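Reading the structure
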Amino acid sequence: AQSVTQLDSQVPVFEEAPVELRCNYSSSVSVYLFWYVQYPNQGLQLLLKYLSGSTLVKSINGFEAEFNKSQTSFHLRKPSVHISDTAEYFCAVSDQWANFGNEKLTFGTGTRLTIIP
Amino acid sequence: DTAVSQTPKYLVTQMGNDKSIKCEQNLGHDTMYWYKQDSKKFLKIMFSYNNKELIINETVPNRFSPKSPDKAHLNLHINSLELGDSAVYFCASSQGGGRYMNTEAFFGQGTRLTVV
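What follows is about the layout of surface pockets. Where empty space is left can be seen by rolling a probe of water-molecule size over the atoms. Space inside the largest pocket adds up to approximately 320 Å³. Taken together, 18 residues form the lining of the largest pocket, with A:Asn41, B:Gln37, B:Lys41, B:Val88 and B:Arg112 sitting closest to its centre. Every element with two or more residues in the lining of the largest pocket is listed here: strand E9 (87-94) and strand E11 (111-115) of chain B. For the lining of the largest pocket, the class distribution of residues is 5 nonpolar, 9 polar and 4 charged.

The subject of this paragraph is the environment of A:Pro18. Residues and elements named next belong to chain A. Along the chain, the position of Pro18 falls in the loop between strand E2 (10-14) and strand E3 (19-21). With a relative accessible area of 59%, Pro18 lands in the exposed category. Linking Pro18 and Arg77, residues 59 residues apart in sequence, is a C-alpha distance of 7.4 Å. Residues within four places of Pro18 in sequence aside, it is in contact with Val13, Lys78, Pro79 and Ser80.

Taken as a whole and assessed by the stated rule, the structure comprises 10 salt bridges over all chains. Here B:Lys71 ties to B:Asp30 by a salt bridge, and the two come within 2.8 Å at their closest N and O atoms. With B:Lys71 in the loop between strand E7 (64-70) and strand E8 (73-78) and B:Asp30 in the loop between strand E3 (19-25) and strand E4 (31-37), this residue pair connects regions lying 41 residues apart in the sequence. Among the residues examined, B:Asp30 registers a relative accessible area of 19% and is labelled buried. Here the residues in one salt-bridge network are A:Lys104, B:Lys44 and B:Glu58, joined through shared partners.

Further remarks concern the pairing of strand E8 (residues 64-68) of chain A. Every regular strand shows the same layout, with side chains that alternate between the two sheet faces. Residue and element names in this part refer to chain A. Going residue by residue along E8, you find Ala65 and Phe67 tucked away on one face and Glu64, Glu66 and Asn68 left uncovered on the opposite face. Bridge count between strand E7 (residues 56-58) and E8: 3 bridges; the pairing is antiparallel. For Leu56, the partnering residue across the bridge sits in E8 and is Glu66. Here E7 folds back onto E8 in antiparallel fashion, the turn holding 5 residues, of which Gly62 has a positive phi close to 95 degrees.

This next bit is on the state of the cysteines. Taken as a whole, this structure holds 2 disulfides over all chains when the rule is applied. The disulfide partner of A:Cys23 is A:Cys91, and the S-S distance across this bridge is 1.9 Å. With the S-S dihedral at roughly -65 degrees, the linkage between A:Cys23 and A:Cys91 falls on the left-handed side. In this pair, A:Cys23 sits in the loop between E3 and strand E4 (24-27) while A:Cys91 sits in strand E10 (residues 87-95), placing the two residues 68 residues apart along the sequence. Of the residues examined, A:Cys23 reaches a relative accessible area of 0% and is grouped as buried. Covalently, B:Cys23 is tied to B:Cys91 through a disulfide, its sulfur atoms 1.9 Å apart. Judged by the sign of its S-S torsion, about -80 degrees, the cystine formed by B:Cys23 and B:Cys91 is left-handed. Residue B:Cys23 is located in strand E3, and its partner B:Cys91 is located in strand E9; the two are separated by 68 residues in the primary sequence. You can call B:Cys23 buried: its relative accessible area is 2%. The exposure class of B:Cys91 is buried, given its relative accessible area of 0%.

Rules used in this analysis
- Residues numbered from 1 in each chain as written.
- Chains lettered and ligands numbered in written order.
- Predicted model: local features only at pLDDT ≥ 70, side-chain atom pairs only at ≥ 80, totals over all residues.
- Heavy atoms only, no water.
- 1 Å grid on protein atoms, 1.4 Å probe; cavity = no way out; pocket = protein on both sides within 12 Å on 5 of 7 lines; lining within 4 Å.
- Points joined across faces, edges and corners; volume = space filled by probe spheres on them.
- Helix = DSSP H or I, 4+ residues; strand = E, 2+ residues; numbered from the N terminus.
- Nonpolar A, V, L, I, M, F, W, Y, C, P; charged D, E, K, R; others polar.
- Buried < 20%, exposed > 50% of the residue type's maximum accessible area, 1.4 Å probe, protein only.
- Contact = heavy atoms within 4.5 Å.
- Salt bridge = Lys/Arg side-chain N within 4 Å of Asp/Glu carboxyl O.
- Pairing = 2+ DSSP bridges.
- Disulfide = S-S within 2.5 Å.

Given below as structure tokens:
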């Protein structure tokens, strides 16, 4: 079984300031890690993912996340946020060994990022 | 072309009614899912299908019946709707097939179901 904890339900940040959204997970098996973003009244979009290899992964819009196996964390960071980053951010995990329909995502409860002009 | 499309986007209905939500993906994926997002934005898996076969049924009331006529379509039929069924329902698809094959799930725009 897996679980994901996002301790911060809401994070207000001034525009152009840095931000970190925290994600910790618990799993008895190796997992893949994901950050999904949900803009107001829209569906979920993949922001970035960790499958293997380099523990630092980056998105095209300036976000990055680092997989830390010893701390079972996958925190999301951005050095300078914009108004357009206002959204709900979900951390998720899936079992690396799941296949053929068992690859379900287990989500955290989400963090609402609000950018203050 | 939208990768994963759901219809309708909004659905308002009375308690006791039966309703369906349709989902189609044009990504050629083998696996499709239904997730439920409750009023607190928590997302939870409901069902998954792989090549039209039900794989995951996550203790969902049997008033919910998914149907997959082919691997590109996964519909959700809900009987005798209750107030507690009000939520946003997301369809998703992924390639599946084993380790490192499941790189990500693609989600539809969601169907906001309101039961009054």
